[in-house]
Amino acid sequence: MKITSSTKICMNIGGLGRKSMSPIMHNAGYQELGLDFVYLSASLKIEDLEDFVKGVKAMQIRGVSVIIPFKQEIMNFLDNIDDTAKEIGAVNTVVNDNGRLTGYNTDWLGVVNSLKNVTEINGKKAAVLGAGGAARAAVYGLIKKGARVSIFNRTVEKAKKLAEDFDCEYFPLTDVEKIKEIDIILNMTSVGMSPEVDKLFLPENLIEKKHIVLDAVYNPHETKLLKNANKKGAKIVYGSEMLLHQGIEQFRMYTGVEAPEKIMRDALLEALREE
Ligand code: NAP
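Residues numbered from 1 in each chain as written. Predicted model: local features only at pLDDT ≥ 70, side-chain atom pairs only at ≥ 80, totals over all residues. Heavy atoms only, no water.

Undergrad: In this structure, what is going on with the side chain of Gln246? I would like to understand it.
TA: By the secondary structure assignment, Gln246 is in helix α8 (residues 239–255). By relative accessible area, which is 7% here, Gln246 ends up buried. If we skip the residues at most four places from it in the chain, Gln246 touches Met25, Asn92, Thr106, Asp107 and Gly110. (Helix = DSSP H or I, 4+ residues; strand = E, 2+ residues; numbered from the N terminus. Buried < 20%, exposed > 50% of the residue type's maximum accessible area, 1.4 Å probe, protein only. Contact = heavy atoms within 4.5 Å.)

Undergrad: Any chance you could explain the site of the ligand here in plain terms?
TA: Around the ligand there are 26 residues in total, and Ala131, Ala134, Asn153, Thr155 and Lys158 lie nearest to it. Ala134 places a polar main-chain atom, nitrogen or oxygen, 2.8 Å from an oxygen atom of the ligand. Those elements giving two or more residues to the shell around the ligand turn out to be α5 (133–144) and α8. Considered class by class, the residues forming the shell around the ligand number twelve nonpolar, nine polar and five charged. (Near = heavy atom within 4 Å. Polar contact = N/O pair within 3.5 Å; in protein donor to acceptor, adjacent residues only side chain to side chain. Nonpolar A, V, L, I, M, F, W, Y, C, P; charged D, E, K, R; others polar.)

Undergrad: When you look at the nonpolar core in this model, what are you seeing that I'm missing?
TA: Where a protein is soluble and globular, its nonpolar side chains tend to be buried together. Formed by 33 residues in total, the largest nonpolar core has its most connected members in Leu115, Val128, Leu142, Leu186 and Met188. Elements with a contribution of two residues or more to this core: α4 (107–116), β7 (125–129), α5, β8 (148–153), α6 (156–166), β10 (184–187) and β11 (212–215). With six residues, the top contributor of residues to this core is α5. Domain assignment of the residues forming this core places at least three in each of domain 1 (8–105 + 242–273) and domain 2 (109–237). Sequence-distant contacts of Met188, defined by excluding residues within four places in its chain, comprise Val111, Val128, Leu129, Gly130, Ala134, Ala135, Ala138, Leu214, Ala216 and Met242. (Core = buried A, V, L, I, M, F, W, Y, C linked by side-chain atoms within 4.5 Å. Domains from an automatic or database assignment.)

Undergrad: Which parts of the structure should I look at to understand the packing of α4 against α8?
TA: Helix-helix packing is described using two parameters, namely the angle between the two axes and the distance between the axes. Where α4 meets α8, the axes come as close as 7 Å, and the angle between the chain directions of the two elements is 125°. Accordingly, the angle class assigned to the pair α4 and α8 is oblique. Crossing handedness for the pair α4 and α8: right-handed. For the pair formed by α4 and α8, the contact residues are Asp107, Leu109, Gly110, Val111, Asn113 and Ser114 on the first element and Glu241, Met242, His245, Gln246 and Glu249 on the second. For the contact of α4 with α8, the per-class residue count stands at three nonpolar, five polar and three charged. (Axes fitted to C-alpha atoms, helices over the stretch in contact; angles between N-to-C directions. Parallel < 35°, antiparallel > 145°, perpendicular 65-115°, else oblique. Left-handed = near helix turned anticlockwise from the far one by under 90°.)

This is the structure in structure tokens:
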């Protein structure tokens, strides 16, 4: 990759100590297509977010992918927020068009496009476990594609708020045996994420062959939840597929060209194997 004064810069930002796979995936795509782009990564303190956004304009950074904990906070500093991101209540993608910053959300596409490869969504019953940013995007996407959604969360007030925003039912995480009646189970919590890879709140015996199980957690690549689901013969969707599909959409928004899906998936999986 040759970097010059005309190379366009994209990057991601997350909280201090957060590691991201996005540079590997996006740079592999730029290289494959010979695009004059580079993708960087930075960790920030939340109190520096407003200055960072000014820097995006000053340095003419073309695109910024936003991860925890900035997805809501960054909305305060942008010039425009698209309707979908407003409805979800979170921005994971910022595009800089000649100094005007617009916030979008591609996480919901990560959910629906990764599920599309294994199931029809329309008419299915889906259980979203969690009520944070990823869960909000999942609930939006599933409802948009015609699923009936139930939300389960440890903090019931957060489940209630999300359920009211999207007009669906909600339960405390302790009622999780209700997933027996469900078709698609989506873990949108951080439970099972490295280093606490043995953490699990869904008892193994609840998962059956009829289920489709998506885990947003992508580190480790095969989480304990997905291992259990695999053992039961359920269809599984890796968190890396969700990450890939939200990134594919960002790639198109930043560069204006279609992303090379296979190259980006291969780069991502290789990096996850090395973790
Ligand atoms: P978030 O806004 O901080 O929400 C975290 C969620 O996890 C909340 O619902 C929280 O419940 C729940 N939770 C945390 N620890 C728990 C525990 N010990 N027991 C039960 N529930 C627990 O985070 P987020 O942005 O939604 O991200 C959630 C996960 O999705 C993270 O692992 C993130 O890396 C992953 N993610 C993946 C992708 C992808 O493309 N694959 C995209 C976005 C996010 P409470 O409300 O009770 O605290």
